[in-house]
Amino acid sequence: MDLSKLSMIFKIVIIGIVYIIIFWALRIMYKDIKNGGKRNRKLVRKSFGLEVVNPGKNSNLRRGAVIPVRREVTIGRKNDNQLILEDPYTSGHHARIYIKNAKDCVLEDLGSTNGTLLNGKKLRGKHYLAPGDEIKIGNTAFKVIG
């Protein structure tokens, strides 16, 4: 094959690559303009917390205090819980509150003896929480904020 023909093929390939790069750059710019400069963002993380409405006889809680719920909060009398309640009506591992899908807050009773009350009704299994819900565990009451 002649060197001039090979040189012409390389020129065509390089020009083709340049056009493909320009095409992709224009496509990306078009998408940015079309979306108003907004990029697809990760899920907005909603923040939840538990406001202490009635601390009961817990020395580690005070009325109006807020316990943030980030990933998970376990509640019970045993020391391996994140929120330890000094209440005779609270089980060792009483309940847990966790974040699901970065925007939902779920309350789960862990098979406690005396149960967990959600808005005055005994909780069975899991339940999605909304701001303003009231949780009562033994003599201690919390209000969901977020």
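In this text the structure is predicted, and so the values were computed from the model without any measurement. (Residues numbered from 1 in each chain as written. Predicted model: local features only at pLDDT ≥ 70, side-chain atom pairs only at ≥ 80, totals over all residues. Heavy atoms only, no water.)

Colleague: What am I meant to see in the sheet that holds strand β4 (residues 83-84) here?
Modeller: Two pairing modes exist for strands in a sheet, parallel and antiparallel, and in both the strands are linked by backbone hydrogen bonds. Strands sit in the order β4-β3-β5-β6-β9 across an open sheet of five strands; the sheet is mixed. Edge strands, defined here as strands with exactly one partner in the open sheet, are β4 and β9 (126-129). Pairing of strand β3 (residues 72-76) with strand β5 (residues 95-100) involves four bridges; the strand directions are antiparallel. Residue pairing for β5: Val 73 is matched across the bridge by Ile 97. (Pairing = 2+ DSSP bridges. Helix = DSSP H or I, 4+ residues; strand = E, 2+ residues; numbered from the N terminus.)

Colleague: Which parts of the structure should I look at to understand the nonpolar core?
Modeller: Most often, soluble globular proteins keep nonpolar side chains buried together rather than apart. One finds Ile 97, Ile 135 and Phe 142 to be the most contacted residues of the largest nonpolar core, which totals 23 residues. The set of elements that each furnish at least two residues to this core consists of β1 (48-54), β2 (66-69), β3, β5, β6 (104-109), β10 (134-137) and β11 (140-145). Those residues in contact with Ile 135, other than ones at most four positions away along the chain, are Leu 50, Ile 97, Leu 107, Thr 116, Leu 117, Leu 118, Leu 129, Thr 140, Ala 141, Phe 142 and Val 144. (Core = buried A, V, L, I, M, F, W, Y, C linked by side-chain atoms within 4.5 Å. Buried < 20%, exposed > 50% of the residue type's maximum accessible area, 1.4 Å probe, protein only. Contact = heavy atoms within 4.5 Å.)

Colleague: Got a minute to help me understand the UniProt feature "transmembrane region" (unreviewed entry) in the protein in this structure?
Modeller: Residues annotated in UniProt with the feature "transmembrane region" (unreviewed entry) correspond here to residues 6-30. Here residues 6-30 runs as 100% helix and 0% strand, with 36 Å between its end C-alpha atoms. (UniProt positions renumbered as here; feature names shortened; annotations may be inferred.)

Colleague: When you look at unusual backbone geometry in this model, what are you seeing that I'm missing?
Modeller: The phi angle of most residues is negative, glycine excepted, and most peptide bonds adopt the trans form. Phi at Asn 119 takes a positive value of approximately 55 degrees, unusual for a residue other than glycine. The residue Asn 119 is located in the loop between β7 (117-118) and β8 (121-122) in this model.

Colleague: Looking at this structure, I do not really get the sheet that holds β7. What am I missing?
Modeller: With antiparallel pairing, six strands are arranged side by side in an open sheet as β2-β1-β11-β10-β7-β8. If you trace the sheet from one side to the other, it starts and ends with β2 and β8, each paired once.

Colleague: Just checking my understanding: could you explain the pairing of β5 for this structure?
Modeller: If a strand is regular, its side chains alternate between the two faces of the sheet. Where β5 and β6 come together, six bridges link them in antiparallel fashion. Bridged to Ala 95 within β6 is Asp 109. Connecting β5 to the antiparallel partner β6 that follows it, the hairpin turn spans three residues, and Asn 101 within it adopts a positive phi of roughly 60 degrees.

Colleague: I tried to follow the domain arrangement of the protein on my own but got confused; where do I start?
Modeller: Note on interface size: it is often stated as the accessible area lost on association of the parts. Split by domain assignment, the protein resolves into domain 1 (1-39) and domain 2 (49-145). The gap between the C-alpha centroids of domain 1 and domain 2 is 59 Å. (Domains from an automatic or database assignment.)

Colleague: Can you walk me through the side chain of Asp 133 in this structure?
Modeller: Examined against the element boundaries, Asp 133 turns out to sit in the loop between β9 and β10. Within polar-contact distance, the side chain of Asp 133 engages the side chain of Asn 119 at 3.1 Å. Setting aside its immediate chain neighbours within four residues, Asp 133 contacts Leu 118, Asn 119, Tyr 128, Phe 142, Lys 143 and Val 144. (Polar contact = N/O pair within 3.5 Å; in protein donor to acceptor, adjacent residues only side chain to side chain.)

Colleague: Which parts of the structure should I look at to understand the UniProt feature "domain: FHA" (unreviewed entry) in the protein?
Modeller: Under the present numbering, the feature "domain: FHA" (unreviewed entry) in UniProt falls on residues 73-123. The distance from the first to the last C-alpha atom of residues 73-123 is 17 Å, and the span holds 0% helix and 43% strand.

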